[in-house]
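# Reading the structure
Below, each chain spelled out in residue letters.
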Amino acid sequence: MQKKMSLSILIGIVSLTVFSQTLEEGKKLLYYEKNKSALEVFKNIVAAKSSDPLSIYWLGQAYLANNDLSSAKNLYAQQKVANDPWILVGLGHIDLLEKKDEAAKEKFEKALEISKSKKGVYNTDILLAVGMANADGDSKTGDAKYAIEKLTLAAELDKQNPEPMFLLGICYLKAGREYGGESVKAFREATNRNPNYAKAYYRIGRIFQVQRNYESMSEEFDKAIKADPTFGLTYLAYFFYYQYKDVNLGKQNLDKYIANSDKDCNSDYYVADYLYRAGKYNESLEKIKTMEANDCKNFMLLHILYAYNYEKLGDTLNTKIHLTKYLGETEADKITLTDYDFAAKFYAKFAADKPMAIVYFLQAADLATSKNEKIEFFSNAARVAADAGLFEKQIELLNKITDLKGVKEENDYYLLTKAAIDAKNWVSADSLSNLYITAFPEKPQGYAFNVIVAKLLDADTTKGLAIKPITLYNDFLLKDKEKNKKTLYANYYYLLIYYAQKAGDIQSAIDVTNKMMELYKEGEEYNFAKTINEQLLKKMGKKQK
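As the structure is a prediction and not an experimental result, all values here were calculated from the model. (Residues numbered from 1 in each chain as written. Predicted model: local features only at pLDDT ≥ 70, side-chain atom pairs only at ≥ 80, totals over all residues. Heavy atoms only, no water.)

### Observations concerning the nonpolar core
One broad rule of soluble globular proteins: the nonpolar side chains tend to lie buried together. Core analysis: the biggest nonpolar cluster contains 103 residues, and Phe-166, Tyr-269, Leu-323, Leu-327 and Tyr-347 have the highest contact counts within it. Leave out the neighbours within four places in its chain, and Leu-327 touches Ile-335, Tyr-340, Ala-343, Tyr-347 and Tyr-360. Counting 37 residues, the second largest nonpolar core, distinct from the first, contains Ala-72, Leu-91, Ala-104 and Leu-112. (Core = buried A, V, L, I, M, F, W, Y, C linked by side-chain atoms within 4.5 Å. Buried < 20%, exposed > 50% of the residue type's maximum accessible area, 1.4 Å probe, protein only. Contact = heavy atoms within 4.5 Å.)

### Description of the state of the cysteines
As enumerated under the stated definition, the model contains 1 disulfide in all. A sulfur-sulfur separation of 2.1 Å characterises the disulfide bridge that pairs Cys-265 with Cys-296. Judged by the sign of its S-S torsion, about -100°, the cystine formed by Cys-265 and Cys-296 is left-handed. With Cys-265 in helix H15 (residues 265–277) and Cys-296 in the loop between helix H16 (281–293) and helix H17 (301–312), the pair connects residues that are 31 residues apart, well separated along the chain. The exposure classification of Cys-265 matches that of Cys-296, with both residues buried. (Disulfide = S-S within 2.5 Å. Helix = DSSP H or I, 4+ residues; strand = E, 2+ residues; numbered from the N terminus.)

### Considerations on the environment of Leu-30
In this fold, Leu-30 is placed in helix H1 (residues 7–31). Leu-30 sits in the buried class, given a relative accessible area of 14%. Sequence separation of Leu-30 and Ala-65 is 35 residues, and the distance between their C-alpha atoms is 7.7 Å. Setting aside residues up to four positions removed in sequence, Leu-30 forms contacts with Asn-35, Ala-38, Phe-42, Trp-58, Ala-62, Ala-65 and Lys-199.

### Some points on the pattern of salt bridges
Counted by the stated rule, this structure contains 30 salt bridges. Here Lys-73 ties to Glu-98 by a salt bridge, and the two come within 2.8 Å at their closest N and O atoms. Residue Lys-73 is located in helix H4 (residues 69–77), and its partner Glu-98 is located in the loop between helix H5 (85–97) and helix H6 (101–114); the two are separated by 25 residues in the primary sequence. Taking the relative accessible area as the measure of exposure, Lys-73 reaches 36% and is therefore partly exposed. Take Glu-98: its relative accessible area is 24%, and that puts it in the partly exposed class. Between Glu-373 and Arg-212 there is a salt bridge, with the nearest N and O atoms lying 3.4 Å from each other. Of this pair, Glu-373 sits in helix H21 (residues 371–387) while Arg-212 sits in the loop between helix H11 (198–210) and helix H12 (214–227); the two residues are 161 residues apart in sequence, bridging distant segments of the chain. Via salt bridges that share partners, Lys-73, Glu-98 and Lys-100 belong to a single interconnected network. (Salt bridge = Lys/Arg side-chain N within 4 Å of Asp/Glu carboxyl O.)

Dropping the structure here:
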């Protein structure tokens, strides 16, 4: 006899199915980074099932995806089911974002223990949630290696799911540059598990984009589009790639991104950004003002875009106002290398703001991923320091550059020695000029600096400190007498004054005039040397008599 299912059980099963589908819908929206829509879905779920820990966990994740740390923290903190693994992972995630790593790890371990099966097997979903928490944020947030351990276990427990492999790829990226190959392998495995997992192709493409391997980048982005044409982030990445190269192609990809994403402050901002890139500065400003007048008044990126537009329009005052607000009120990890570079170059134009420009160049250098980029930013900062007369700071920055290079090139010796002279650090300047000569004996500037320092150390010429450096310099210059005759003559003049007036060495002074006459066989220079020579000979004769 077939048993009839009770109405209450049937309703419960139907409700559970609808709930589960809706929860998956919200998670799918987070996957596509349609965060605004995801937040609404999870809010509705929690409103219907306010005490369900899994729903509360995902609502908190949606708040975090929308950069609302405060709401997520309050949501998790007010739950009475503090020993539920989902709430514990949520609270641990908040701890990580607040740099409380040890507290986070305690919660994660407790959640993992609580959620174990009777046979002692870890819950794959909780392992994934722990991994996702540590994958969030920048490279300084979370414990990437701890997450790799947990995600590797999750990947072994569920060999079909692409998510643990994708999160492993993110955590390998956070673990350091030396794990770049492992990161790509993990993303590849995610696509092997699910060929339609576009987000993994997209992340591989982003790795190649950072490496400036644009051919491979395009291959991966195209794979992502083929796998899932509705995954909007790929189009956004193409927009950023083309925004400096081809504005029209950038706009085409931006349109596709907007068609496949939430309409929110971010999507409106990208439109305003495109207008700026296209040189439509006033139109971009109008778009920003419209955004500011509506739901995006607290969207801090508007201020940097204001600054970019006003700078192009030559409005220095408004550029400064918005740049100051953006840099002063935006969280440091949200400010990009490009923004710091823009700020540094803008402030470098004004004498009073040059110290600030140096600070921003250094912050750009801190975010730079390649050695050459870092060297470029340090070099820019050093030039600004020199312009501002901050020579000790210039020396500090120049030393950072040589540390990065691992070797001092000729230009490094030149800049360092000149900066030491400008800083009136004579001991350092003397040492550097001698090192310059030793490292590059075939170059003239080391000898010239050596002479300059000696003269500065002996301003009244009484000590004769410049005699040896000048003699050394002259030996170098005499290798091409005709080319260097003006400098040689000037050096001989200095020696003449010293021997004739300071040292009282008439014979040495006569020898110098002979060299001067040999250098110039005729003309004003010859006549001067000849006249002095005759006077010195006469003086020598009288002295001998």
